[in-house]
Each structure stands twice: as C-alpha cells, then as structure tokens.
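Chain by chain, the residues:
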Amino acid sequence: MNAAVIVFPGSNCDRDAVCALRDHTAQKVYRVWHRETALPRVDLVVLPGGFSYGDYLRSGAIAARSPIMASIKAHADRGGLVVGICNGFQVLTEAHLLPGALMRNAGLKFLCKSAKLRVENTQTAFTRAYADQAQTDIPIAHHDGNYCADEDTLKRLEDEGQITFRYLDNPNGSAHDIAGITNRAGNVLGMMPHPERAIDPLTGETGGLGFFRSLAGALT
Amino acid sequence: MSMAKATDFEQARALGLNESEWQVILDRLGRRPNETELGIFSVMWSEHCSYKSSRRHLRKLPTTGECVICGPGENAGVIDIGGGLACIFKMESHNHPSYIEPYQGAATGVGGIMRDVFTMGARPVALLNALRFGSPDHPKTRTLVSGVVAGIGGYGNCVGVPTVGGETNFHAGYNGNILVNAMCVGIAKKDSIFYSAAKGAGNPVLYVGAKTGRDGIHGATMASAEFDDQTEAKRPTVQVGDPFTEKRLIEACLELMQTSCIVAIQDMGAAGLTSSSVEMADKGGVGIDLNLDHVPQRETHMTPVEMMLSESQERMLIVLRQGKESIAEEIFKRWELDVALIGKTTDTGRMVLHHKGHTVCDIPIGPLGDDAPNYDRPWQAPAPLKKIDAQDVPNRDPAQALLILMHSPDMASKRWIWEQYDRHVMADTIKASGGAADAAVVRVHGTDKALAISSDCTPRYVTADPFEGGKQAVVECWRNIIATGAKPMAVTDCLNFGNPERPDIMGQFVRAIDGMAEACTVLNFPVVSGNVSLYNETAGSAIPPTPAIGGVGLMDDVTRAMGFGAAKAGDALVLLGQSAGWLGASLYLREIECREDGAPPPVNLAQERRIGLFVLDGITAGQFTAVHDLSDGGLACAAADLALASRCGLNILASKTLPNAGWFFGEDQGRYLLAVSANQLPGVLTQAQAAGVDAAHIGTIQGTDITLGNTSLGLDLLRRSYESWLPDMMEDA
C-alpha cells in the first residue's frame, strides 16, 4: 500500500515522516509538492510538521489554500486516510477537514518535550495497534498546540469518540486535554505530538510505533 | 569616472578608519575615494572583516590534520568523516546585536551561521549555542534571556534544524555586553563541497534570496567598536531574520548544488554584498562588475553605499558557469525566492559598480584584502595569581554546599531554555541538552555513525590565567566528546574579548590563543574555522575573556553512545585522574565563599590525553555503565549530575588526605567519574594501572540519597532545587 507526504514550503518533518512510513507502514512513499493538483494513487496522505509559509499568518492558514488541498479533500471524501501531524494538524483545521483550531500554547512559549498520552479510542485506523486506554509517550514540539473549539463541538468530539489522544499532563492548555482528534467518519486524524520521532529506541521513545503499525494494518 | 563627490578624512574617521589606513587608501587609489568606495574600504578593513588585531596571533593555531579537508579561510571548516561524507561546521558570535535587540540579534546569529555551513554544500544537522548573560539580578538580564532564547528557538525551530546543545553562564562581567555564540554543524558529500573562489572571467553573478533593505548597515562596523550610552540608537543596525526564507534558501541551494552550475558561492553575511563579492573575486583572482539597479530592493531610493553595506538577511551570491542561468533561475523561482543576475566576473582585477547609468565605484580588489591592516598591538601578560591551599578554605558541610551549588546560576538545570528548542527534528538526535551526556550526539543520517558535539569555555579560568584558561577550554571540549564515546576530530572557535587596543585585553587574547594552540597541538585537535569578536566592552568595562571552543567528534557505532544516565544500583564509582583539591577560581569558591580569586587549575596535556584515550577504549569495549567528565563543581557536582540523571543515590567516601572542600569540590583537570558494574571493576582498575592512569574506587551507586563523607542529601530535594532556579528567576520574579 502507498502513502504520500505533502511538502509545503516550510515543511520540515517531511523527511522524518517519509522515513517512518517507509520503515513501518507503506511499500511506496511519494513526496508531493504543494503546487501539484493531483495525488498519486495512494491510500494515505500525510501532512507533515514544520512551519509552512513560516506560520507568519495563522499557523497552517496559507498551506490550507495550496493547490494540492482540493485533491486531499476529495481523497478524504472518498474515505481515504489523511493524517496531519503538528503543522499538518493546523493545516487540517484551517482547511476545515477537522473542527476547531490550534491556538498559541497557554504558556506562550515553544515547547519541546516528551508528552504522556492516553490513547482514547483504539477503534481507529490510526490506533488499533495500541491497547485500549493505553498510555504512550510521544514528544511534542510546537508553539501553537492549544486546541480550542466551541462547547458543542467539544461535546460532539467526546460523544462520538473522535478524541484519539489525550494529554495526561496538559502542556499547552488544550481544551479537554486534547492531543489528537479524528473527523466524524474516522478517516482523517490530526495530532500535535510527533509519532515519527518516537519509533527508534536510539533516539529516545518508541511510543509512535503503535501509530505506524496501526496504519500498516489499515492499509493491508 | 565617478560622478560622486570625493570624501575626506573626517568621513573616514567616522567610519572607524584611522589616519594611516586613510593614507593607504589614497595611495592605492591615487585619489580620494567617493562615499561608496570609502564605505567598502571601511567595512572590509573593520576588525570584524579584516581580523586586523588578531590575524598574526591566529596563525599560531594548528589548522591541519589527517581529517582536515578545509581549514580556516572559507565560510566554514570541513573534515572527513569517512564513507564519502564530510562534516562542515563553524561557530560565530552575534553579541552586539543580541544585546541591542535580543530576539532578532540571536535569531539572525543562528541564520548566519547556518548559511556559512550550507553555502559549502552541507545540510545543517545540528545547532548549538554558547550564551553568557549578566548577573541574574541585573535589571536587563531576564529580558535578554527570554529574548535570546526565543530568538534562537524561533529561527532554528522554524528552519527545522535541531538545537542539541550549548552552555549558559551568568556573571556580572557580562551585564553590559552579553555573548551569543551560535554553532552549526552540517553534513555534505565529500566530493561535492563548494568554495568561494570565483575563478574565471565572464561568469554571471547571481543574487538570490531576500530583498535588500536598509537593515544592518554598518553592522560589521558596530561589531568593531565598544558600546557606550548611545547603544539604543544602534537598534536600526540590527538585522531582522526570516527563517522561512532561510529554509527555502537551504533547499534551493542544495538542489542547485546537485547540478554542475556553480563556480563559487558565498552567503551575504557581515558587510553583505561588499564582502561576499570582494572575497569571491579576490580568491578567484578576478574582477567583478555589478549593476546595482538589478539588486532586488525592499525599499525605495536606496543609495549604492546602502546597498553595498546592507546586512539584510537570507541572501546569497552565486557565480555561475556561463549558460547555466536558466537552470538556476528555475530552481529559485520554484522556491519562490528572489533571483536576479546582477553582474559578471571580469579580468580587470577591479570592483566596478554601476548605478543609474553612472559608475559609482571603481577600485582594485587586491588592496581590499592584501593591504588590509595587520596590527601587532602591544600586549601585556597578566600577572599570575596566587595558588589557594584547600587547607585555608573554611570547613563546611559538603552536602549543604552541594545543594547550594546545584541551585546556583551556572550549575542549575537549563531546562527552561532547552525545552524551547526543537531538539529532535530530523529524527537523528541521540543525545541532546538534558539527555544526560557531556556532548550532544547526532546520528549521521542513514548510517551507524554519529557526531558528538560540544561547546565549552570556563571564563573564570581564562580571567584568572588566560594561558591555562585557553588550554582548559580546549581540553574540556575534548573530554566532553570523549565521554560520549566519540573520537575528537577538530574544533571551531569563537573568541570573545574586550578592546584589543588596551594592552591588558590584548594580553588576555594573545595568551589564551597560546594556550589553545598548545592544547590543540598536543591533542591533535586542529582548529578548522572560527570567529573573533573584539570590543566586547561597555563604557570601558570589558567582558571576562571568553574563547568558546566548539568541538566535533566521530563515533563509528552509534549504539555505543555513552552518557551518565544509566548507572545502576550496585555499580562502583571510579574516579580517574589526580586530585589535588584545587579550589582557585573554582565555582565552589565563588558560590560558597563569595571569592573569585586564586590561580585556576593547571592542565597537564600529556596526562589529559592518556586518560582520555583510556576512557575511549573502555567505552568502546563496553566496560562502563556511565561516564561523566569533572568540571564546574568538581567531583560532587559530577556525582550529583550522574545521580539525578540515573535516578539513584550514591555514596562517596571522604578523602584521607584532602579536606572536604578540596576533595568534593576541587576542580583539578583531567578527571572523569565512571560507573562500573561490580564484575567489570577489577578489570577496569587493572587496565588503568597498566595504562598509567590513576583510578580509584571512591564510592557506590546505592539508595536514594547522595552521601558525601558523613553528610547526606535526599535526591528529591536536590532535584527540586536543581530544577527550580531558572524557572523561578524567569517567571516568578
């Protein structure tokens, strides 16, 4: 099964995502430039971390209007899998593929640290390899990870099991300790922690392996 | 010839040139320069660009070695790391701008040093920074710390290069002049390294990157003068950084480098378009003809001299092979960067600039480099300080002293700082700040190798004795690299001193270099790049002399990377090296006794080398569970680091011969603390003896307390104290 990693000007976790997918998830991983208007035949689209367009406007706001986004929306509408990590999550909210918004961290500082997460829903294509209520460690590295949404949206996310990852020790002020959510259909996921940085014991944590293995299972 | 008016000496003096320098210009031109020409001479001959006070002394440093591909003189140093790969690295200061405008000053320091590295064909893979702030109580310190840290993070995080290490000191000596030194390390293919010599006439000169504005004009000149009470007025000379453009510039340049289009490439750093074009032409033995009307400009009505001296960031100058213009233009346009052909190389040996139909500069390039001033400034060696006998220092409870030291500005955890840096992007960071290792360790992507990187200096030693302090900065860096299991390869330096026109300051500079040269020679640790930052003074008060050393080491098997966070209960603690209880210029003396006197610990280079190689062999053979070098705070602070990181207590016996202060807190050099499992212990002690290395079994990993002689301290209390100092200072005050 195949995956595409979208490259915006200012993406900087695209290589890390490609390596993680290649090693743990997909047979073929394409890098797709944001100016393309069509995706290659893929099962999974990943919007990687970074600072697309420098995040000089709202994080992800300009990337969400890139030419490639229309075909990503079409892919999602067809039920194809879409993942946004960090800046990718911000892009997905700006593109309205996911509800809510990522605001500046409550402490107003960029934060790079390990985050303890609870996997809230293991019935998704992204989390099946984790045990229910499993705790896992995946690092965060962001300035704008404070998830916000109105009360109705938050209630719906809770009721429909759309909250996938929750912080055990909320680092950024996110509503309901949200670290990652899916859309209602469950095929689009956004998360602030970086699973692609947590797959190798040499570099530290391995809490992201479950994520890539879940995807590998979903793709076969 | 030029339509512009000729200048006079008063104008030259205002730009920092002295009478003899002015005379040389008149002599070489056979006339008085116009404003543009004078501006070019003044920046090229500034201390910052010409190294006029330091050049003759820098020659003493060893710059060659088996691994050296390119030493000083290019944008950065290049060493061979095997497997067809090269490591390219350099450290540079951005002190004055960071004091005036901390966020942008620090951010553009990071941007500038990255450009020096990718200019040569390397992808930047690691950033470090060496920061020295004023006293924590000084009213400006908190603002400067938060601005500098946010600036470093804001730039590096956005570009996507991990900030993996560094050092932070606080001392009143930096109250009026902080130091912000940034180091960048990159990886390139050994057969694809790019240099700045623009050989061959008739080649097109391409300008790429951000547009030119009026920011940073005379930045190089500012960096070559003391501060006074007018510093606020210099804010406009600080450049503004744009990491998003830098990121695109990296990708576009690395892409262009895979084609065969480039003759020479240089970033526009200090003195912007002037130094980049002059240096490329000078090294290539050619002339250069530029039409300033084609320079992309951010502001209107810019004059030629403004364009030539602007230090707007994120700009590169590239000399292409003829006929390759469209390939280059396509790449830069795809990355949405400005790109413009602004001229060509010539065979005249002159720099000729055109602007709005006039020739505004026509000068020979040779004299800009060849005739640059080269001063032998008078210097005076500092008087040696008295040795302090540990017996004369009052007797105190060592556990309580440790608690105070670990909560002191220089020792306390810098988590508040490094949590603001992305340390893991690129997914090859093995050890970074907070990672319980003496140096950062970064895997070479796609291989089993790793680089160990450390930046070091102990300014209080250099202040007390520049020669021993210069040596110590080098050996501490060497030791930190060894302690991770890497072979030390080469260093870069960033020499921060006061006003070289004062003989006492020049004496610090000369003697520190003498010490560095001796240490680098004996340890076979050549200097491949560097930067000199002089005039670090405010209102006549100089900073403590601070020659920061940035070292790079290589390990073949990254799975062997060593740290001090994996000691296990039951492990023996082994101290390598000799302990004489040296308290002169120590952290203990400063923090506990409020004294900053005494001669610093001497460095025995032969012994240092012998012990280091013994440690490296032991790590390679897998004989140790933890390794930590001894530095600030001596044995007790090293033990505390190890205990905190390994999350277990330990017990160290008192010395039979030395008083507690000297034994637990003395800063004798050439020492390491090892944790060794019980079954490895006899072998390690025997091998040490055979190698002529002093090794003593001084304690054990056990329990949940740190016990020093007959005093104890709970690990939890120590951790709270260690972690709380900086957040309390930054957030609760």
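Residues numbered from 1 in each chain as written. Chains lettered and ligands numbered in written order. Predicted model: local features only at pLDDT ≥ 70, side-chain atom pairs only at ≥ 80, totals over all residues. Heavy atoms only, no water.

**Focus: the sheet that holds strand 4 (residues 123-133) of chain B**
Residues and elements named next belong to chain B.
And then number 1: Spatially, 6 strands are ordered 1-2-3-6-4-5 in an open sheet, and the strand pairing comes out mixed. The open sheet has two edge strands, strand 1 (68-70) and strand 5 (163-170), and neither has a second partner. Shown here is a sheet whose adjacent strand axes are inclined to one another by a mean of 20 degrees, direction ignored.
And then number 2: The pairing of strand 2 (residues 77-80) with strand 3 (residues 85-93) spans 4 bridges and is classified as antiparallel. Residue pairing for strand 3: Asp80 is matched across the bridge by Ala86.
And then number 3: Most of the contacts of helix 8 (residues 141-159) go to strand 4, to which it runs at about 175 degrees, and overall it touches strand 4, strand 5 and strand 6 (179-189). (Pairing = 2+ DSSP bridges. Helix = DSSP H or I, 4+ residues; strand = E, 2+ residues; numbered from the N terminus. Axes fitted to C-alpha atoms, helices over the stretch in contact; angles between N-to-C directions. Contact = heavy atoms within 4.5 Å.)

**With respect to the nonpolar core**
And then number 1: With 68 residues, the main nonpolar core has Ile6(A), Leu47(A), Met69(A), Ile72(A), Val83(A), Phe165(A) and Phe211(A) as its most contacted residues.
And then number 2: Apart from residues lying up to four places away in sequence, Ile72(A) is in contact with Ile6(A), Leu39(A), Val45(A), Leu47(A), Val82(A) and Leu97(A).
And then number 3: Cys70(B), Ala86(B), Met120(B) and Ala182(B) belong to the second-largest nonpolar core, a separate cluster that totals 66 residues. (Core = buried A, V, L, I, M, F, W, Y, C linked by side-chain atoms within 4.5 Å. Buried < 20%, exposed > 50% of the residue type's maximum accessible area, 1.4 Å probe, protein only.)

**Things to note about the interface of chain A and chain B**
And then number 1: Each side of the interface is counted separately: chain A has 26 residues, and chain B has 30 residues.
And then number 2: Approximately 2,400 Å² of surface area, both sides summed, lies buried where chain A meets chain B, with 59% of it carried by carbon and sulfur atoms.
And then number 3: Sorting the residues of chain A by area buried against chain B places Arg15(A), Cys112(A) and Leu202(A) first, and these three jointly supply 24% of that buried surface.
And then number 4: For the pair chain A and chain B, the number of links is 5 salt bridges.
And then number 5: As a salt-bridge pair, Asp428(B) and Arg15(A) come within 3.3 Å of each other at their nearest N and O atoms.
And then number 6: Run the count over chain A and chain B and you get 14 residue pairs in polar contact (both at pLDDT 80 or more).
And then number 7: Put simply, the parts of the chain that give the side of chain A that touches chain B at least two residues each are helix 1 (14-24) and strand 6 (111-119) of chain A.
And then number 8: Grouping the amino acids of the side of chain A that touches chain B by side-chain chemistry returns 12 nonpolar, 6 polar and 8 charged. (Buried area = accessible area lost by both parts, 1.4 Å probe. Salt bridge = Lys/Arg side-chain N within 4 Å of Asp/Glu carboxyl O. Polar contact = N/O pair within 3.5 Å; in protein donor to acceptor, adjacent residues only side chain to side chain. Nonpolar A, V, L, I, M, F, W, Y, C, P; charged D, E, K, R; others polar.)

**Considerations on the pattern of salt bridges**
And then number 1: Summed over the entire model, instances satisfying the criterion amount to 55 salt bridges over all chains.
And then number 2: For Glu94(A), the salt bridge goes to Arg58(A), with nearest N and O atoms at 2.8 Å. With Glu94(A) in helix 3 (residues 87-94) and Arg58(A) in the loop between strand 3 (44-47) and helix 2 (69-77), this residue pair connects regions lying 36 residues apart in the sequence.
And then number 3: Across the salt bridge formed by Arg590(B) and Glu591(B), the nearest N and O atoms sit 3.2 Å from each other.
And then number 4: Accessibility expressed as a relative area gives 12% for Arg590(B), which makes it buried.
And then number 5: On the accessibility criterion, Glu591(B) (24% relative accessible area) is partly exposed.

**Digging into the sheet that holds strand 17 (residues 487-496) of chain B**
As a general point, the strands of a sheet are linked pairwise by backbone hydrogen bonds and lie either parallel or antiparallel.
All names here are of chain B.
And then number 1: One open sheet holds the 6 strands; their spatial order is 14-15-16-21-17-18, and the pairing between them is mixed. The two strands at the open ends of the sheet, each matched to only one other strand, are strand 14 (429-431) and strand 18 (527-533). On average, adjacent strands in this sheet sit at an angle of 20 degrees to one another, irrespective of strand direction.
And then number 2: Across 2 bridges, strand 14 lies against strand 15 (residues 440-443) in antiparallel orientation. Opposite Thr429, over in strand 15, you have Val442 as the bridge partner.

**Section: the packing of helix 8 of chain B against helix 10 (residues 243-256) of chain B**
Residue and element names in this part refer to chain B.
And then number 1: In the contact formed by helix 8 and helix 10, the axes pass within 8 Å of each other and the chain directions differ by 35 degrees. By crossing handedness, the relation of helix 8 to helix 10 is classed as right-handed. The segment helix 8 lies against helix 10, with Gly154, Tyr155, Cys158 and Val159 engaging Pro243, Phe244, Glu246, Lys247 and Ile250.
And then number 2: Across the contact of helix 8 with helix 10, the residue classes tally to 6 nonpolar, 1 polar and 2 charged. (Left-handed = near helix turned anticlockwise from the far one by under 90°.)

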